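What the coordinates show
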Amino acid sequence: MKKQAVLAALASTIVVATPISAQDREGWPESFTVGTASQGGTYFAYGSGWANFVAENLGVSGGGEITGGPMQNMALVHTGDLKFGLTTLGPARESMDGNSPLAPGMKMNNVCAMFPMYETPFSVTALSSSGIKSISDIPDGATIGFGPAGSTSDTYFPRMMETLGVNFERRNGSWSDLGGQLQDGLIDVVAFAAGVPVPAVSQLEAQTDVNIISMTDEEAAKITEAFPVSEFNIQPGTYQSLDEPSRVVSMWNFAMVNCDVPESFVYEITKLTMENNDKMVSIHKAARHSVPENYDKNNVLPWHAGAARWFNENGFPIEDGAIK
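On a predicted model such as this, the values are computed, not experimentally measured, just so you know. (Residues numbered from 1 in each chain as written. Predicted model: local features only at pLDDT ≥ 70, side-chain atom pairs only at ≥ 80, totals over all residues. Heavy atoms only, no water.)

On the secondary structure map, Ser100 appears in the loop between α4 (89-96) and β4 (111-127). Under the relative-accessibility criterion, Ser100 is labelled buried at 1%. Setting aside anything within four residues of it in sequence, one finds Ser100 in contact with Met71, Glu94, Ser95 and Met108. (Helix = DSSP H or I, 4+ residues; strand = E, 2+ residues; numbered from the N terminus. Buried < 20%, exposed > 50% of the residue type's maximum accessible area, 1.4 Å probe, protein only. Contact = heavy atoms within 4.5 Å.)

Right, let's get into the packing of aromatic side chains. Enumeration over the complete set of coordinates arrives at 20 aromatic pairs. A ring pair is formed by Phe84 and Phe265, whose centres lie 5.9 Å apart and whose planes are at 75°; its orientation type is edge-to-face. In this pair, Phe84 is assigned in strand β3 (residues 84-88) and Phe265 in helix α9 (residues 263-274), connecting sequence segments 181 residues apart. Judged by its relative accessible area of 1%, Phe84 is buried. Consider the rings of Trp175 and Phe192, whose centres lie 4.8 Å apart with planes at 35°: the pair is tilted. Taken together, the residues span a long stretch of sequence, with Trp175 in helix α6 (residues 175-183) and Phe192 in strand β7 (residues 189-193) at a distance of 17 residues. For the residue pair Trp175 and Phe192, the accessibility class agrees, reading buried in each case. Among the aromatic side chains, those forming a connected cluster through ring pairs are Trp252, Phe254, Tyr295, Trp303, Trp310, Phe311 and Phe316. (Phe/Tyr/Trp six-rings, centres within 6.5 Å; stacked < 30°, edge-to-face > 60°.)

Under the criterion given, the structure shown has nine salt bridges. The partner of Glu263 in a salt bridge is Arg309, with the nearest N and O atoms 3.0 Å apart. Of this pair, Glu263 sits in helix α9 while Arg309 sits in helix α11 (residues 305-313); the two residues are 46 residues apart in sequence, bridging distant segments of the chain. For Glu263, a relative accessible area of 38% translates into the label partly exposed. On the accessibility criterion, Arg309 (31% relative accessible area) is partly exposed. (Salt bridge = Lys/Arg side-chain N within 4 Å of Asp/Glu carboxyl O.)

Now the structure itself:
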């Protein structure tokens, strides 16, 4: 009986797809890996779950890999060390322009967009016991955790804090590790840039009381003027600690692929992902924004021909000049 229940549960995660001929699979890899980020963050949960979903339905072995996040993913996908990765459009632009701190001067232009993921809110979390309820409450010289070195958070959040006049000591680490350090009183604040809910924050607030800190009107205006972000509200219910919207800023994320990956493979992955949003949301709630209507948020990366074919076939036009 138990065996039948397990088989039924596994079957419920698999989408029945139209069979793909051997000819259409020409050039497909035997396996693939998706560059994500650190454990405890949204990239790792989203990317690993998505890779498993694709592997189960397309019959190609696949999985997620822990990386340093968007900047490193751009480098790994550009060089072909990884075929797929997740990135934020700010770091993607810097990498394409040759301004990545990981490889200064290297223009990472062999990276193509596949589909929109979600917006990355830049949010600040502190223990309620600290008394920090606003950005202006952060004490002079506070130790702030900015996530893994080279991540979107580490790239932009320190500069945002400096713009807002915060004087701090910088700490890097995985989101899980920084959440633990915050709980243990080893750091004062964690500045998260990740899709919500951030697993590390959800775990933290299940164990202690936390403050999810909002930006004021003036702070949000100052940051949106200085950085490639837009205003964003973290909605009540996203975290049990929130009973009203929390105003922050955000940046869009896209799934990307090495531009040399076969068109038919990328087409089938895009089709599977864009046509099964309910399955993607079951992987991570942030995927409710992983819908084709958000394709126009990409103003940085060229589109892979396989992805562009699916979008064009389904009424989301991508011009030839935007396709590589």
